[in-house]
Amino acid sequence: MTYNEWRDELKSNLLSVSESERRRVLDYYAEAYADRRDAGYTEREIIEDFGAPYDAAQRILSDGDSNYYEPSPSRSDRRQEERERREQRAREERERREERAREERERREERAREERTRREERAREERERREDNRQNQQYGNNSLYGNYCGPNPTAPAQTRGDYTWVFVLLCIVFSIPIFIVVMGMVGITVGVCIAPLALMISGVASIGAGVGSLFADVASGTIAIGTGLVVFGLSLIATPLCFQLVKWMWKLFGMFFAWLRRLFSGKKCA
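So, a few notes on the structure that sits alongside this text. (Residues numbered from 1 in each chain as written. Predicted model: local features only at pLDDT ≥ 70, side-chain atom pairs only at ≥ 80, totals over all residues. Heavy atoms only, no water.)

Some points on the overall build of the protein
Move 1: Along its length, the protein carries 8 helices and 2 strands.
Move 2: The order of helices and strands in the protein, counted from the N terminus, is α-α-α-α-α-β-α-α-α-β.
Move 3: Within the protein, buried positions represent 18% of all 270 residues.
Move 4: Restricting to contacts in the protein with at least 6 residues of sequence separation, those with at least 24 account for 67%.
Move 5: Carbon and sulfur atoms form 59% of the exposed surface of the protein, whose accessible area is close to 19,500 Å². (Helix = DSSP H or I, 4+ residues; strand = E, 2+ residues; numbered from the N terminus. Buried < 20%, exposed > 50% of the residue type's maximum accessible area, 1.4 Å probe, protein only. Contact = heavy atoms within 4.5 Å. Areas by Shrake-Rupley, 256 points an atom, 1.4 Å probe, with all protein chains shown as cover.)

A closer look at the state of the cysteines
Move 1: Under the counting rule described, the total for this entry stands at 0 disulfides.
Move 2: A disulfide-free cysteine, Cys242 has its sulfur positioned 7.3 Å from the sulfur of Cys193, the nearest such atom. (Disulfide = S-S within 2.5 Å.)

Let's talk about the packing of aromatic side chains
Move 1: Summed over all chains, the structure comprises 8 aromatic pairs.
Move 2: With a centroid separation of 5.7 Å and an interplanar angle of 85°, the aromatic rings of Tyr28 and Tyr29 are classed as edge-to-face.
Move 3: In this structure Tyr29 comes out as buried when scored by relative accessible area, which is 1%.
Move 4: Members of the aromatic cluster, each reached through a chain of ring pairs, are Tyr3, Trp6, Tyr28, Tyr29, Tyr33 and Phe50.
Move 5: Sitting above the plane of the Tyr41 ring, Arg36 keeps its charged end 4.1 Å from the centroid. (Phe/Tyr/Trp six-rings, centres within 6.5 Å; stacked < 30°, edge-to-face > 60°. Lys NZ or Arg CZ within 6 Å of the ring centre and 35° of its normal.)

A closer look at a nonpolar patch on the surface
Move 1: A cluster of nonpolar side chains, namely Ile176, Phe179, Ile180, Met183, Val186, Val190, Ile194 and Trp250, defines an oily patch on the protein surface of about 750 Å² accessible area.
Move 2: Per-element accounting of the nonpolar patch gives the leading share, 7 residues, to helix 7 (residues 175-213).
Move 3: Here Ile176 lies in helix 7. (Patch = residues over 30% accessible without salt bridge, like charges linked within 9 Å, V, L, I, M, F, W, Y side chains within 5 Å. Salt bridge = Lys/Arg side-chain N within 4 Å of Asp/Glu carboxyl O.)

Focus: the side chain of Thr189
Move 1: Summarising the element assignment, Thr189 is placed in helix 7.
Move 2: Assessed through its relative accessible area of 16%, Thr189 is described here as buried.
Move 3: For Thr189, the side chain forms a polar contact with the main-chain oxygen of Met185, separated by 2.7 Å.
Move 4: The residues touching Thr189, leaving out its near neighbours within four places in the chain, are Val246, Met249 and Trp250. (Polar contact = N/O pair within 3.5 Å; in protein donor to acceptor, adjacent residues only side chain to side chain.)

Things to note about the packing of helix 2 (residues 19-38) against helix 3 (residues 43-50)
When two helices pack together, you describe them by how their axes are tilted relative to each other and by the distance separating the axes.
Move 1: Between helix 2 and helix 3, the least distance of the axes is 10 Å, while the angle of their chain directions is 135°. Classed by the angle they form, the pair helix 2 and helix 3 counts as oblique. Between helix 2 and helix 3 lies a crossing whose hand is right-handed. Between helix 2 and helix 3, the contacting residues are Tyr29, Ala32, Tyr33, Arg36 and Arg37 on the first element and Glu43, Ile46, Asp49 and Phe50 on the second. (Axes fitted to C-alpha atoms, helices over the stretch in contact; angles between N-to-C directions. Parallel < 35°, antiparallel > 145°, perpendicular 65-115°, else oblique. Left-handed = near helix turned anticlockwise from the far one by under 90°.)

Details of the nonpolar core
For soluble globular proteins, the rule of thumb is that nonpolar side chains tend to be buried together.
Move 1: Grouped together as the largest cluster of nonpolar side chains are 16 residues, with contacts concentrated most on Tyr3, Trp6, Leu10, Val25, Tyr29 and Phe50.
Move 2: Counting residues per element, the ones that place at least two in this core are helix 1 (3-12), helix 2, helix 3 and helix 4 (53-63).
Move 3: Sort the elements by how many residues they give to this core and helix 2 lands first, with 5 residues.
Move 4: Once you skip the residues sitting within four places of it in the chain, Trp6 turns out to touch Met1, Tyr29, Ile47, Phe50, Gly51, Ala52, Pro53 and Ala56.
Move 5: Counting residues in each nonpolar core, the second largest holds 5 residues, with Val192, Ala238, Cys242 and Val246 among its members. (Core = buried A, V, L, I, M, F, W, Y, C linked by side-chain atoms within 4.5 Å.)

Thoughts on the pattern of salt bridges
Move 1: Enumeration over the complete set of coordinates arrives at 20 salt bridges.
Move 2: A salt bridge links Glu93 to Arg96, with the nearest nitrogen and oxygen atoms 2.5 Å apart. On the criterion of helical spacing, the pair formed by Glu93 and Arg96 is a turn pair, its members being 3 residues apart in helix 5 (residues 73-143).
Move 3: Residue classification places Glu93 among the partly exposed residues on the basis of a relative accessible area of 28%.
Move 4: Several salt bridges share partner residues, and in doing so they unite Glu93, Arg96, Arg97 and Arg100 into one network.

A word on a negative patch on the surface
Move 1: Residues Asp27, Glu31, Asp35 and Asp38 make up a contiguous surface patch of negative charge.
Move 2: For Asp35, the position within the fold is in helix 2. (Lys, Arg positive; Asp, Glu negative; His and termini not counted. Charge placed at Lys NZ, Arg CZ, Asp CG, Glu CD.)

This is the structure we're talking about:
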């Protein structure tokens, strides 16, 4: 039954009252229906609360007051309880979703921590392996020359008495011969370094003389220029060789003194 049908049936049961009273009752129920519709009730629920049209008409005729409609307390209580149950279920569902989201977030964080720990462990192992390889390679490279006196990873270093003072005393005793040797090496250095420069200057001079001789004798001038170019080229080739020779001479001299110092310092290769 619709509200219009309910209203028409109620109107047909109020024929014994005056037109103004009947109009007032219909307006009252129309206003009550509109209010309850705005509150969210369905048309069926409102009509059930109003009751049967005949019972409503009898209540109006018997009471004769303006309180035409009283909603059923039991039905209102049931609707209130139903709303409360829906709200409770919604809260529980929301709490369950939040709990699941929190557990999932904690699991992701735990997996991220474990993965970070594994990466750090792998990086540390890789660093240790590279360090071990570097040390082994360094030891192997140094051992090729037979003069490695550093720590041996497999055998402890052997030491003797420290006789550095003997080395110093020998340097003082043989200071004059050492000075003579050093000065000789200085002379060799100067001579070896100046020799290519002298060749270069002589080559340039020969080239200049050959150019001047071209006007008097073309053949001799050409020979002089060719000779000057050869000498100049040889000087360019000899210059880096002479400097490298001087470098190695002083390096060997330093290595010899270093070997003497280690010999008297008490250290012995393992």
